[in-house]
Amino acid sequence: MPSKPTNTRQHHPAVLAIEAQRAANLQLRIADWITAFAGSMRFVYVHVVLFAVWMLFIEKNPWPTLTLVVSLEAIFLSTFVMIGQNRQSAFQQAKADHDFNESELELKTNTQLTREIHALTTELHRRVVQEGTA
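All values reported here derive from a predicted model rather than from experimental measurement.

A.B. asks: Would you mind showing me how to read the overall build of the protein here?
C.D. replies: Helix and strand content of the protein: 4 helices and 0 strands. Counting from the amino terminus, the protein carries its helices and strands in the arrangement α-α-α-α. Its C-alpha atoms give the protein a radius of gyration of 30 Å, more than 25% over the compact-globule value 14 Å for 134 residues. Once the C-alpha set of the protein is aligned to its principal axes, its extents read approximately 110 × 45 × 25 Å. Considering the protein as a whole, with its 134 residues, one finds that 10% of them fall into the buried category. Within the protein, contacts between residues at least 6 apart in sequence are counted, and of these 56% link residues at least 24 apart.

What follows is the structure in structure tokens.
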């Protein structure tokens, strides 16, 4: 019976390191959860319902308490946006550092291989020329 193909997609080492770091820290996990929720349509729907209920049934005047609540929420949400930007920046830096190190290693390997090929080609040429004159 043929087996089902498994998804063996490998992640970048920088991704794995950042995920492990974030999983180990409760505050970062909470920030990730809040950021994920605040960036979803579920967040929008919840707010539409809450604001409609508030405006229609709770406050009849120009909604001073709702204004305060919304302002405080905006302050906190902007903080979570900045946390997300800092996280993305740290990830991009870690990925760039890893990619740079890998590129440097590959360059050194290619340079060494090129030197070895040159040495072999030179030796082969020397032997062919010697046999031709002998």
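More follows now that the structure is in view.
A.B. asks: Even after reading the chapter, I still don't get helix α4 (residues 64–133), so can you show me in this structure?
C.D. replies: For α4, with 70 residues, the first-to-last C-alpha span of 102 Å sits near the 104 Å given by 1.5 Å per residue. Among all positions in α4, only L66, F80, G84 and F91 are buried. Residues of α4 that are buried in the fold lie against α1 (13–23), α2 (26–38) and α3 (41–58).

A.B. asks: For this particular structure, what's the right way to read the side chain of S40?
C.D. replies: Note on placement: S40 falls in the loop between α2 and α3. Here F37 takes part through its backbone oxygen, which lies 2.7 Å from a polar atom of the side chain of S40.

A.B. asks: What exactly am I supposed to notice about the packing of α2 against α4 here?
C.D. replies: One way to put it is that α2 packs onto α4 with a least axis distance of 10 Å and a crossing angle of 110 degrees. Compared by their axis directions, α2 and α4 come out roughly perpendicular. For the crossing formed where α2 meets α4, the hand is left-handed. Residues A31, D32, I34, T35 and A38 of α2 lie in contact with α4, whose contacting residues are L77, F80, I83 and R87.

A.B. asks: What is the right way to read the packing of aromatic side chains from this model?
C.D. replies: Describing an aromatic ring pair means giving the distance of the ring centres and the angle of the ring planes. Going through the model one piece at a time under the given rule, you end up with 2 aromatic pairs. A ring pair is formed by W33 and F37, whose centres lie 5.8 Å apart and whose planes are at 5 degrees; its orientation type is stacked. Of this pair, W33 and F37 are both found in helix α2, 4 residues apart, which corresponds to roughly one turn of the helix. For the ring pair F37 and F43, a centre distance of 5.5 Å and an interplane angle of 85 degrees mean the geometry is edge-to-face. The exposure class of F43 is buried, given its relative accessible area of 13%.

A.B. asks: Hey, could you run me through the pattern of salt bridges in this one?
C.D. replies: Note that side chains of opposite charge can pair when their charged atoms are close. Using the criterion set out here, one finds 4 salt bridges in the structure. Put simply, D32 and R87 hold a salt bridge, and the shortest N to O gap is 2.2 Å. Linking D32 in helix α2 with R87 in helix α4, this pair joins segments that are 55 residues apart in sequence. Judged by its relative accessible area of 22%, D32 falls in the partly exposed class. In this structure, K95 and D99 form a salt bridge, with 2.9 Å as the shortest nitrogen-oxygen distance. Residue K95 and its partner D99 are both found in helix α4; the two are separated by 4 residues, about one turn of the helix. Connected through salt bridges with shared partners, the residues E123, R126 and R127 form a single ionic network.

Rules used in this analysis
All chains use their own residue numbering, which begins from 1 and follows the written sequence. Two thresholds apply to this predicted model, a pLDDT of at least 70 for residue-level local features and 80 or more for giving and counting side-chain atom pairs, whereas whole-chain, interface and lining totals are computed over all residues. Excluded from the side-chain calculation are hydrogens and water; included are all heavy atoms of the structure. Labels follow the DSSP assignment, with helices taken as runs of H or I lasting at least four residues and strands as runs of E lasting at least two, numbered in each case from the N terminus. Computation of the radius of gyration draws on C-alpha atoms, with the globule rule given as 2.2 Å multiplied by the number of residues to the power 0.38. Only protein chains enter the accessibility calculation, which uses a 1.4 Å probe; a residue is then buried when its area is under 20% of its type maximum, exposed when over 50%, and partly exposed in between. Residues count as neighbours in contact if any of their non-hydrogen atoms are within 4.5 Å of one another. One less than the number of residues in a helix, times 1.5 Å, gives the span that helix is expected to have. Here a polar contact is recorded for every N or O atom pair within 3.5 Å, except that within protein the pair must consist of a potential hydrogen donor and a potential acceptor, and residues adjacent in sequence are included only if both atoms are side-chain atoms. Interaxial angle, 0 to 180 degrees, is taken between N-to-C directions of lines fitted to C-alpha atoms, where a helix line uses only the stretch in contact. Orientation labels follow simple angle bins: below 35 degrees gives roughly parallel, above 145 gives roughly antiparallel, 65 to 115 gives roughly perpendicular, and whatever is left gives oblique. The handedness criterion is simple: a crossing whose near helix is rotated anticlockwise from the far helix by less than a right angle is left-handed, and one whose near helix is rotated clockwise is right-handed. A pair of Phe, Tyr and Trp rings is counted when the ring centres sit within 6.5 Å of each other, with Trp represented by its six-membered ring. The angle between the planes then sorts it: under 30 degrees is stacked, over 60 is edge-to-face, the rest tilted. Should a side-chain nitrogen of Lys or Arg be within 4 Å of a carboxyl oxygen of Asp or Glu, the pair is scored as a salt bridge.

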